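# Breakdown of the fold
Single-letter residue listing:
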Amino acid sequence: MPAPPATEHTRGEDRVFGALSSPVRREVLRLLRDEGPQPVQQLAAHFDMRRPSLSEHLKVLREAGLVSEERAGRQRIYRLEAEPLTEVRDWLGPYERFWRAKLAGLAELLDDLPEADGPDRTGDTGAGA
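Bear in mind the structure is a predicted one, so any value in this text is a computation, not a measurement.

Pairing of strand β1 (residues 38-39) with strand β3 (residues 75-80), which is carried by two bridges, proceeds in the antiparallel orientation. Residue pairing in the sheet places Pro39 in a bridge with Ile77 of β3. In this structure, strand β2 (residues 67-72) lies alongside β3, joined through six bridges in antiparallel fashion. Paired with Arg71 across the bridge in β3 is Arg76. Hairpin connection, β2 to β3: the antiparallel pair is bridged by two residues, and Gly73 has positive phi, about 65°.

Right, here's the structure in full:
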């Protein structure tokens, strides 16, 4: 069965998920979340890569709408734009409910199991004669 045609919404969602697929980009987002807006030089100090490589990651994040860029003189300041992450949360919601239900069922099953009393009730510890 062919995939349904991509809408503007699904293309945007795909860009967000694609941007989040890289550990480097997730770390950039964490840094911006925890430490606030930063110039590219400050972000680059956290990574063992050349600045043009980091700039490519920042471009992907910018195109996905996850960061914004502001020029301040010769510097480019990057800021987290968290709104597109609501799409991720909304997409993950049904899976979270699925796993919560599964774990609740497991907890119920475990609660219904008889408790183990250590060695079997005959007093046999299982040690050889």
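Turning next to the sheet that holds β1. Strand order in the open sheet formed by three strands is β1-β3-β2, with antiparallel pairing between adjacent strands. In this open sheet, the two edge strands, each paired with only one partner strand, are β1 and β2. Docked against the sheet, helix α2 (residues 23-35) engages β1, β2 and β3, running at close to 85° with respect to β3. In the packing of helix α4 (residues 51-63) onto the sheet, the strands contacted are β2 and β3, and the crossing angle to β2 comes to about 115°.

The tally for this structure, following the rule as stated, stands at eight salt bridges. When the shortest N-O distance is used, the salt bridge between Glu27 and Arg30 registers 2.7 Å. Here Glu27 and its partner Arg30 are both found in helix α2, three residues apart, which amounts to about one turn of the helix. For Arg30, a relative accessible area of 30% translates into the label partly exposed. Here Arg79 and Glu70 are joined by a salt bridge, their closest N and O atoms 3.7 Å apart. Assessed through its relative accessible area of 38%, Arg79 is described here as partly exposed. Among the ionic contacts, a cluster of salt bridges with common partners joins Glu27, Arg30, Arg33 and Asp34.

Next up on the list: the packing of aromatic side chains. Enumeration according to the criterion identifies two aromatic pairs in this entry. Between Phe17 and Trp91 the ring centres are 5.2 Å apart and the planes differ by 70°, which places this aromatic pair in the edge-to-face class. With Phe17 in helix α1 (residues 8-20) and Trp91 in helix α5 (residues 85-112), this residue pair connects regions lying 74 residues apart in the sequence. Taking the centre distance of 5.0 Å and the plane angle of 35° together, the rings of Trp91 and Tyr95 count as tilted. One end of the pair is Trp91 and the other is Tyr95, both in helix α5 and four residues apart, which spans about a single turn. Trp91 gets classed as partly exposed once you look at its relative accessible area, which sits at 40%. Given a relative accessible area of 44%, Tyr95 falls into the partly exposed group. In this structure an aromatic cluster arises from ring pairing among Phe17, Trp91 and Tyr95.

Calculation notes
Residues numbered from 1 in each chain as written. Predicted model: local features only at pLDDT ≥ 70, side-chain atom pairs only at ≥ 80, totals over all residues. Heavy atoms only, no water. Pairing = 2+ DSSP bridges. Helix = DSSP H or I, 4+ residues; strand = E, 2+ residues; numbered from the N terminus. Contact = heavy atoms within 4.5 Å. Axes fitted to C-alpha atoms, helices over the stretch in contact; angles between N-to-C directions. Salt bridge = Lys/Arg side-chain N within 4 Å of Asp/Glu carboxyl O. Buried < 20%, exposed > 50% of the residue type's maximum accessible area, 1.4 Å probe, protein only. Phe/Tyr/Trp six-rings, centres within 6.5 Å; stacked < 30°, edge-to-face > 60°.

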